[in-house]
Structures are given as structure tokens and as C-alpha cells.
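Breakdown of the fold
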Amino acid sequence: MAIKDYFQAPEGYVYVHKTLQLFGEIIYITDEVMYTKNEFKLVSNEDLPGIIEQWRIDNGNTIRG
């Protein structure tokens, strides 16, 4: 899996995918996984735990991060 590009969040923030199934400080674009930056929202590290917990309550899904 070759890395083609990536985007990195500023310090204290993470990118959260619009489905809330993926989040991270660095999002890699590879030949197998093609994300676009507009699929993500920039969220502060302080707000992330609440967002994850609410997602789990609402959906009963797991989140990778």
C-alpha cells in the first residue's frame, strides 16, 4: 500500500471522518484508500471523547482511531 498524500491536523486537533468511523491527527491517502479532506471535520482533542461517546450511544458502533 503506497502512500500518495496525507493531511495533518494542527496541534490539539484531529480530523474526524463524516461517518465518525475514522479519526486521527494524520490522514493518509494511499493507492487502496482514497480520502478527500472535505470528508473530514477538524475537531479539538477536548471535544473528541464526547463526540465518540455520543456516537456509540446513538449507533452502537465501534470507532477506529
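Residues numbered from 1 in each chain as written. Predicted model: local features only at pLDDT ≥ 70, side-chain atom pairs only at ≥ 80, totals over all residues. Heavy atoms only, no water.

1. Here's the deal with the sheet that holds strand β5 (residues 40-44)
- Overall, antiparallel pairing links the three strands, which are arranged β3-β2-β5 in an open sheet. Of all strands in the sheet, those with a lone pairing partner are β3 (23-24) and β5, marking the two edges.
- As defined by bridge partners, strand β2 (residues 13-17) adjoins β3 across two bridges and the pair is classed as antiparallel. Across the sheet, the residue bridging to V16 is F23, located in β3.
- Where helix α1 (residues 48-59) meets the sheet, it contacts β2, β3 and β5, and its direction lies at approximately 125° from that of β5. (Pairing = 2+ DSSP bridges. Helix = DSSP H or I, 4+ residues; strand = E, 2+ residues; numbered from the N terminus. Contact = heavy atoms within 4.5 Å. Axes fitted to C-alpha atoms, helices over the stretch in contact; angles between N-to-C directions.)

2. A few points about a nonpolar patch on the surface
- There is a patch of nonpolar side chains on the surface, built from I3, Y6, I26 and Y28 and spanning about 390 Å² of accessible area.
- When contributions to the nonpolar patch are tallied by element, the ones reaching two or more residues are β1 (3-8) and β4 (26-30).
- Its place among the elements puts Y6 in strand β1. (Patch = residues over 30% accessible without salt bridge, like charges linked within 9 Å, V, L, I, M, F, W, Y side chains within 5 Å. Areas by Shrake-Rupley, 256 points an atom, 1.4 Å probe, with all protein chains shown as cover. Salt bridge = Lys/Arg side-chain N within 4 Å of Asp/Glu carboxyl O.)

3. Brief notes about the confidence of the model for the protein chain
- Per-residue confidence for the protein chain gives a mean pLDDT of 85, with 92% of residues at or over 70.
- The element-level mean pLDDT for the protein chain is lowest in α1, coming to 84, with β5 highest at 93. (pLDDT = per-residue confidence, 0-100.)

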